[in-house]
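# Coordinates in review
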Amino acid sequence: MGEDVAIHVENLVKRYGDLTAVNNISFTVKRGEIFAFLGPNGAGKTTTVEMLVGLRKPTSGGASVLGFDIIKEKEEIKKRIGVLPQSFNTYDRLTVKENIEYFAGVFDSCPDVDGLIKLVDLEDKKKEQFKNLSGGLKQRLGIAVALVNDPEIVFLDEPTSGLDPKARHGVWQLIDDLHDKGKTVFLTTHYMEEAEALADRVGIIHNGKIVALDEKDALIAEHGKKNMLVLRKADPKAVKVIEKIGLKANYDEGEGDVIIHLNHAVAVSDIMQALSNAHVSFSELQLKRSSLEDVFLNLTGEELGKGENSE
Amino acid sequence: MSHVLLDLKACLKTFVRNKSTIFWTLAFPCVLILIFGAIFSQSTIKTDLYLQNLDVVDGEATYWADTLINALNSTDAFNLKMVDVSLNATDYAIEKRLSSLIIIPQGFNDSANMALFTHGSSSANVTFVYDQSTTSASIVQSIVMGIVERMNFELSRGVQYLTIEDLTIAPKRFSFIDFFMPGVIGMTAMTTSIFTAVSTSARFKENGVFHKLATTPLKRYEWILSRTIFNILVSYLGMVVMLVIGVFVFNMKITVDAVSLVMVAMASLLFTGIGMVIARFVKDPEGADAAANVITFPMMFLSGTFFELSQMPEFLRAIATVLPLTYVSEGLRASMIFGQADQAIFNTILVSIMGIASIIAGSLITKWEDD
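Our subject in this report is the structure included herewith.

## A word on the overall build of chain A
When its secondary structure is counted, chain A shows 11 helices and 14 strands. Among the 311 residues that make up chain A, the fraction classed as buried is 43%. Look at the contacts in chain A between residues 6 or more apart in sequence, and 69% of them connect residues 24 or more apart.

## As for helix α5 (residues 135-146) of chain A
Residue and element names in this part refer to chain A. The end-to-end C-alpha distance of α5 is 16 Å, a good match for the 16 Å that 12 residues give at a rise of 1.5 Å each. Among the 12 residues of α5, 9 are classified as buried, and the element is accordingly described as predominantly covered. Where α5 is concerned, the buried positions are Leu137, Gln139, Arg140, Leu141, Gly142, Ile143, Ala144, Val145 and Ala146.

## Looking at the interface of chain A and chain B
How big an interface is tends to be reported as the loss of accessible area on association of its parts. Counting residues at the interface gives 22 residues for chain A, matched by 19 residues for chain B. Sorting the residues of the side of chain A that touches chain B by element identifies α2 (74-80) and α3 (96-106) of chain A as the ones contributing at least two each. Here the side of chain A that touches chain B takes 4 residues from α3 of chain A, the largest share from any one element. Its residues assigned to classes, the side of chain A that touches chain B shows 11 nonpolar, 5 polar and 6 charged.

## Considering the nonpolar core
Ranked by internal contacts, the top residues of the largest apolar core, which has 148 residues, are Ala36, Phe155 and Leu187 of chain A together with Val198 and Ala267 of chain B. It is helix α7 (residues 176-207) of chain B that provides the largest number of residues to this core, a total of 16 residues. Excluding anything up to four places from it in sequence, Ala36 of chain A contacts Leu187, Thr189, Ala195, Leu198, Ala199 and Val202 of chain A. Residues Leu49, Tyr50, Phe108 and Ala124 of chain B belong to the second largest nonpolar core, which totals 25 residues.

## Remarks on the pairing of strand β4 (residues 60-65) of chain A
All names here are of chain A. With 5 bridges joining them, strand β1 (residues 5-16) and β4 adopt antiparallel strand pairing. Each bridged residue has a counterpart across the sheet, and for Glu10 the counterpart in β4 is Gly62. Pairing analysis gives 2 bridges linking β4 to strand β5 (residues 68-69), with the strands arranged antiparallel. The residue bridging Ser64 from the neighbouring strand is Asp69, located in β5. Linking β4 back to β5 in an antiparallel pair, the connection comprises 2 residues, with Leu66 at a positive phi of about 55 degrees.

## Points about the pairing of strand β2 (residues 19-30) of chain A
Both faces of the sheet carry side chains from a regular strand, because those side chains alternate between them. All names here are of chain A. Bridge analysis of β1 against β2 gives 8 bridges, and the strand direction is antiparallel. Its bridge partner being in β2, Val9 is matched across the sheet by Phe27. Hairpin connection, β1 to β2: the antiparallel pair is bridged by 2 residues, and Gly17 has positive phi, about 60 degrees.

What counts, and where the lines are drawn
- Residues numbered from 1 in each chain as written.
- Chains lettered and ligands numbered in written order.
- Predicted model: local features only at pLDDT ≥ 70, side-chain atom pairs only at ≥ 80, totals over all residues.
- Helix = DSSP H or I, 4+ residues; strand = E, 2+ residues; numbered from the N terminus.
- Buried ≥ 20, exposed ≤ 12 C-beta atoms within 10 Å, placed from the backbone.
- Contact = placed C-beta atoms within 7 Å.
- Expected span 1.5 Å × (residues − 1).
- Nonpolar A, V, L, I, M, F, W, Y, C, P; charged D, E, K, R; others polar.
- Core = buried A, V, L, I, M, F, W, Y, C linked by C-beta atoms within 7 Å.
- Pairing = 2+ DSSP bridges.

Any functional reading would require information beyond the geometric quantities listed.
Written out as structure tokens, the structure is:
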């Protein structure tokens, strides 16, 4: 195993009776990258993370984190990782600062507590008790707590679940900052846009199995739909004009739109020139990029967020 | 140890900042003390003492047997109950689970007279049958021994009469509040420790704090040790508040010695361990309180906290012998009220052994990780 490997998972299985929560998965996470485990609720994301951080025992298979075996060398792993569990909770009546100091003490580390508070933008809340914080602020504190031991890998399990869009973007910024500091981030999420916004590589997990794993652009290129150009309220004759220059197009009678399926052979400027020459009218032009949502739909036949409600 | 102190500090801060917890932790035993104290502070406790007099002539007790019986009666410490002369008294005591019984043997009067005339070269003996596991037996024993010793002393000086009022070794008379206070101190150690252990564990299990802690180098035993010390400190706090009420409101004369302090600490250890074991089988915080109640409530009433065990029906006394709070109450009474060092130490050792066993079981059974 190379030194650039942070996590190595091989044939990992977790069963609960007849239910197979994680079904023979294998993957590698490189040092310094943000790796996103994307899948609906109940796909096996949290179970996988919990096995990697020592909270659950695998039924079979194995894994190593920073070269340490997840069963035999759990204590070594604990010293070197930071974990934000799903729905982070801590001592209710301790303040933000006291909670960070508590966990720093538990790790026997001496972090710059004020620096951590600043990093997660909780300076004006540092004397506030945990129970009085909003969901977003609690998650931020959870991230600060996960960093008290200056970990090499940070595991973030659904870090923005249940947060409003503003709080979610705040957490994204924090995760980006961790990446900039050279931390390896293992992120689980069921938000497609979160994986798209943050991850270097994405593993798509469904019913306990990894159905695809690659850099996100490569996943979209391989498994997503082609990019599309949409002519809103367009003249139907546009379909023939487009077909003449070698592209596929179809007319959506309901919306009155002409949809053009792009490829690399024809530039958008050539399409516009052809439409102009043919005097085709339309009210608006939209470029539709393929997304991880399309990749997931294509690979599983399901939409993200329509899975079960629990892991 | 630094992790233990760290967690203990967090615990204490949490406790101090939760005013309602402080109030209810201390209010319940204080209210009990005040109510029961106000009702029963004037009443004294009388212990049952069974007596079989075999020294009878023409249906009447002999002179010295009668003198001894009158002396016992005049202490006002006993409900003297006569046992039929046709019964084997020792078998009767075993069968009826009596805590104390005195047998005045046939010829006791002659022996006493002989002792009088021989100036102590012979002696007159009575047999004292007792159950050493009960505190009341020790008290009875000390009174009876005092009477008999005094009687021998008077006989050797040739004095023909005996008055109990002269007995300096007779223990002080106890009021109900004296009896009640150590019981409530033990009960508070139990409720504080069990409820704290069960509810904290259930809450931390449900809200994921245990999961978070499990990803850190903090060890389970460090966390449990910190919680145990916390429970000991809260039990001491409750003890201080109750003693202040006892002394200033009811004018109690109570002794707090090293044995009673060790007993409270060991009781907290014992009940924290029991709480941890219960918590393992509780699924949510709502169930935690119910489970703690199921354990603590019967123990409160069956362990001699409110009533002396000898006043309870036989089958309840049998149950009390397997309840750990019984030994806590007995030990605390022995050390704080009756001054029975041997009883206090015996019960403290017993509770310590149970405490160590329960905290080990609690540590082993508590899980932060999932299967």
